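# Analysis of the macromolecular model
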Amino acid sequence: HLFTSEMFLEHNVRNMQYFSYTEKVVSLANQKGLIRPIDLDALNIPRIYLTRLTASGALIKVGRGLYKLPDHMLSEYEGLAMVTKKIPQAVICLVSALQFHELTTQLPRQIWIAVPRGSNSSKISYPPIKMIQYSGESYSKGIEEHQCDQVPIKVYCIAKTIANCFKHRNKIGVDVAIEALRDARRKNKVTTEDLWHYAKICRVSNVMRPYLEATE
């Protein structure tokens, strides 16, 4: 009878622990939108609960190592949030940043991100990414933080994005950079002072000069 009582007690404890962990994981997913296995570590919750809750339908796996609640609707910026979760140092840049700022008609097939030079190239199966490495102020200056699906993401500001586009005009096309510059000036989304500031940081002052003068 003692053994049976111990087994019964252990069973109850496990059930209580399961529901406690479940409640904490669901609450975390509701708060963050997207969660990763590492998020459970801070709460001392075994990662196996992600697998169990996915199997029970309490969570949905939306990518490698990324989970969300079934009724949590992700926005059009789902990919940006997913990339940021997987690569915390990533800054949304170039065409993806232009799309975020509504300054292009282009629909990038990949998410363009900037990372510090020397960063390891993370293997991400989804969403597809295009990684650019920057050093010094080229990486650190002009970063804004926005919320996408309850996930804080980093995006270069409009002026820095335009300067980056001129710097990498051979990759994305100079017409894309010119379109963004003209659109930003027409909508009064950027100042000449800011454009010159980031043009110097990106070392494209001479390249941008005729286009800047033409839009003044």
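Provided above is the structure to which this section pertains.
In this text the structure is predicted, and so the values were computed from the model without any measurement.

This next bit is on the pairing of strand β7 (residues 151-156). The pairing of strand β6 (residues 143-148) with β7 spans six bridges and is classified as antiparallel. Within the sheet, the bridge partner assigned to C148 lies in β7 and is V151. Between β6 and β7, which pair antiparallel in sequence order, lie two residues; one of them, D149, sits at a positive phi of approximately 55 degrees.

When we look at a pair of aromatic rings, we describe it by the centre distance and by the angle of the planes. Taken as a whole and assessed by the stated rule, the structure comprises three aromatic pairs. Ring plane angle 75 degrees and centroid distance 6.4 Å describe the contact between Y134 and Y156, whose orientation is recorded as edge-to-face. On the criterion of sequence distance, the pair formed by Y134 in strand β5 (residues 129-134) and Y156 in strand β7 is long-range, its members being 22 residues apart. The same class applies to Y134 as to Y156, namely buried. Measuring from ring centre to ring centre gives 5.4 Å for F166 and Y211, while their planes differ by 35 degrees; the resulting arrangement is tilted. With F166 in helix α7 (residues 158-167) and Y211 in helix α11 (residues 205-215), this residue pair connects regions lying 45 residues apart in the sequence. Classification of F166 by relative accessible area gives buried; the value is 0%.

Once that is clear, we can look at α11. All of the buried residues in α11 are S205, M208 and L212. Viewed end-on, α11 has its buried residues packed into an arc of 70 degrees, placing them on one side of the element. Relative to its buried face, α11 has exposed residues pointing more than 90 degrees away, namely N206 and A214. Next to the buried residues of α11 lie α7, α9 (174-186) and α10 (192-201).

With that settled, the discussion passes to unusual backbone geometry. Generally, phi is negative for residues other than glycine and the peptide bonds are trans, each holding for most cases. Unlike most non-glycine residues, N44 shows phi in positive territory, near 60 degrees. Within the element layout of this structure, N44 appears in the loop between α2 (37-41) and α3 (48-56). A relative accessible area of 64% places N44 in the exposed class. Its identity as a non-glycine residue notwithstanding, E102 has a phi of 60 degrees, on the positive side. Residue placement: E102 occurs in the loop between α5 (94-100) and β4 (111-116).

The next subject is the nonpolar core. Counting 36 residues, the largest nonpolar core has W112, Y156, I162, F166, L195 and M208 as the members making the most contacts within it. Secondary-structure elements contributing two or more residues to this core are α5, β4, β5, α7, α9, α10 and α11. In this structure, L195 is in contact with A159, I162, L181, R185, V190, M208 and L212, ignoring residues within four places of it in sequence. Among the nonpolar cores identified, the runner-up in size contains 21 residues, and L34, L80, M82 and V151 belong to it.

Analysis parameters
Residues numbered from 1 in each chain as written. Predicted model: local features only at pLDDT ≥ 70, side-chain atom pairs only at ≥ 80, totals over all residues. Heavy atoms only, no water. Pairing = 2+ DSSP bridges. Helix = DSSP H or I, 4+ residues; strand = E, 2+ residues; numbered from the N terminus. Phe/Tyr/Trp six-rings, centres within 6.5 Å; stacked < 30°, edge-to-face > 60°. Buried < 20%, exposed > 50% of the residue type's maximum accessible area, 1.4 Å probe, protein only. Arc of directions from axis to C-beta. Contact = heavy atoms within 4.5 Å. Core = buried A, V, L, I, M, F, W, Y, C linked by side-chain atoms within 4.5 Å.

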